[in-house]
Amino acid sequence: MEEVCAKFVSQKISKTRWRPLPAAALQPPDLFATGSWDNEDNRISIWSVGDVGNVGLNGEYQGEPQLLCDIRHNGDVMDMQFLDQERIVVASSTGTVTVFRHHQNNQTLSVNQRWEKAHYHVDQDTSCGGAACTGVICNNPEIVTVGEDGRINLFRADQKDAVRTIDNADSSTLHAVTFLRTTEILTVNSIGQLKIWDFRQQRNEPSQIFSLTGDRVPLHCVDRHPNQQHIVATGGQDGMLSVWDIRQGTMPVSLLNAHEAEMWEVHFHPSNPDHLFTCSEDGSLWHWDTSTDISEKPSFLHQGGRSTTYFSHNTINQSVVSAWLSNDPTKDRMEITNLIPNQTLSVNSLDVLGPCLVYGTDAEAIYVNRQLFA
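Reference entry: report on the structure contained in this document. Please read all numbers here as calculations on a predicted model, not as lab measurements.

Conventions used here
Residues numbered from 1 in each chain as written. Predicted model: local features only at pLDDT ≥ 70, side-chain atom pairs only at ≥ 80, totals over all residues. Heavy atoms only, no water. Helix = DSSP H or I, 4+ residues; strand = E, 2+ residues; numbered from the N terminus. Pairing = 2+ DSSP bridges. Axes fitted to C-alpha atoms, helices over the stretch in contact; angles between N-to-C directions. Buried < 20%, exposed > 50% of the residue type's maximum accessible area, 1.4 Å probe, protein only. Phe/Tyr/Trp six-rings, centres within 6.5 Å; stacked < 30°, edge-to-face > 60°. Lys NZ or Arg CZ within 6 Å of the ring centre and 35° of its normal.

## Overview of unusual backbone geometry
Moving on, step 1. Here the bond from Asn140 into Pro141 is cis, since omega is 5 degrees, no more than 30 degrees from zero.
Moving on, step 2. Assignment of secondary structure puts Pro141 in the loop between strand 12 (133-139) and strand 13 (142-147).
Moving on, step 3. One non-glycine residue, Lys117, lies in positive phi territory at about 40 degrees.
Moving on, step 4. Along the chain, Lys117 turns up in the loop between strand 11 (108-115) and strand 12.
Moving on, step 5. You will see that Asp158, though not glycine, has its phi angle at about 70 degrees, which is positive.
Moving on, step 6. In this fold, Asp158 is placed in the loop between strand 14 (152-156) and strand 15 (164-166).

## Section: the sheet that holds strand 18 (residues 193-198)
Sheets are built from strands paired through backbone hydrogen bonds, the pairs being either parallel or antiparallel.
Moving on, step 1. Judged by pairing direction, the sheet is antiparallel, and its four strands sit side by side in the order 16-17-18-19 without closing on themselves. Among the strands making up the open sheet, the edge pair consists of strand 16 (174-181) and strand 19 (208-211). Taking each pair of neighbouring strands and ignoring which way they run, the sheet shows an average axis angle of 20 degrees.
Moving on, step 2. Here five bridges tie strand 17 (residues 184-189) to strand 18, and the two strands are oriented antiparallel to one another. Looking at the pairing, Thr187 lines up with Lys195 of strand 18.

## Re the sheet that holds strand 9 (residues 87-92)
Moving on, step 1. Overall, antiparallel pairing links the four strands, which are arranged 8-9-10-11 in an open sheet. Pairing within the sheet leaves two strands with one partner each, and these edge strands are strand 8 (77-82) and strand 11. Strand-to-strand twist of the sheet, defined as the mean angle between neighbouring strand axes without regard to direction, takes the value 25 degrees.
Moving on, step 2. Of the pairings in the sheet, the one linking strand 8 to strand 9 comprises five bridges and is antiparallel in character. Residue pairing for strand 9: Met80 is matched across the bridge by Val90.

## Some details on the pairing of strand 20 (residues 219-224)
Remark: a regular strand shows side chains that alternate across the two faces of the sheet.
Moving on, step 1. Counting buried residues in strand 20 gives six out of six residues, a clear majority hidden from the surface.
Moving on, step 2. Judged from the five bridges that link them, strand 20 and strand 21 (residues 231-236) form a sheet pairing that is antiparallel. Its bridge partner being in strand 21, Arg224 is matched across the sheet by Val232.
Moving on, step 3. Where strand 20 hands over to strand 21, the hairpin turn is made up of six residues, counted between the paired strands.

## Points about the packing of aromatic side chains
Moving on, step 1. Taken as a whole and judged by the stated rule, the model has six aromatic pairs.
Moving on, step 2. Ring geometry for Trp18 versus Phe32: centroids 5.5 Å apart, planes at 80 degrees, classification edge-to-face. In this pair, Trp18 sits in strand 2 (residues 13-18) while Phe32 sits in strand 3 (residues 31-36), placing the two residues 14 residues apart along the sequence.
Moving on, step 3. Between Tyr359 and Tyr367 the ring centres are 4.8 Å apart and the planes differ by 15 degrees, which places this aromatic pair in the stacked class.
Moving on, step 4. What links up through ring pairs into an aromatic cluster is the set Trp18, Phe32 and Trp47.
Moving on, step 5. Across the ring face of Trp37, the terminal group of Lys12 is positioned such that the distance to the ring centre comes to 5.4 Å.
Moving on, step 6. Sitting over the face of the ring of Tyr120, Arg151 holds its NZ or CZ atom 3.9 Å from the ring centroid.

Dropping the structure here:
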């Protein structure tokens, strides 16, 4: 794995996110942000992927990620999303939601906006009542946050008060949220439920509820397929990957055995959604590839062979049926590769954009792979 660059940062990294590229950009992503947790002094940091002045023969950057700027953050960084090219929304274990601005002209970070105790247990005004804000999702200018208090907030950037708050949206902890479309969001909670909320409706009830059958396994993460908005992937406490079709039924279409401990994040590749990535407390990061026809593979042994799994294959028109919804594994073809062969401490976060992957771990390191599909 020569193409993976490691940087040791002496902080446990809870979140890693690529800065989004401008619409017409052809170049790979060059900046990413990280947030830390469980440190006396937590920080939001902006990094460039490598030494821009030191370009290799093929035009690739050389060297390890370079710290451009950082700023102190109060509490653990629970989630983090770019709102646009310059602003980053950060969810804190204190319940506060902060928008930081990255000033590229002088490489500094500053607080652009803050919603104190957007999440709280008893009373927003008491000194100690904050409840962790566990998830945030952005669709500029809108920002949706969820928390341990079961509350959902809809904020608008540059607006002081919440546009909408659903106070008792859930009786359990909400762990993550994603947009289905501009007016609809989907939340996952600590008792194995997915709920769809439509902001056009005045009543504070979900428009649909889906759930894992049997053991109410806490769900920790969710992502929506970038092109097919009815396909959603979730991961939870038991390390399983669940794929859902929210047009039909109330149960997942497929349940796939995955990690040996909690799955912390799941991400469809934004431009190649046949590829999906998951990371876990067990120290692994899996690349799930449904694009390949295994019969074309010359060999079933890949580098690190033990970490590659195949499902049997049968040709099926992939363009008509999304591979993610094929609930009969014999029809399916999927290749799974663990991108971190030497298991270490928890991989808490990952992000994929173009040919690049960034991930952060409890081993106080960030890793960048710039040739994901090489």
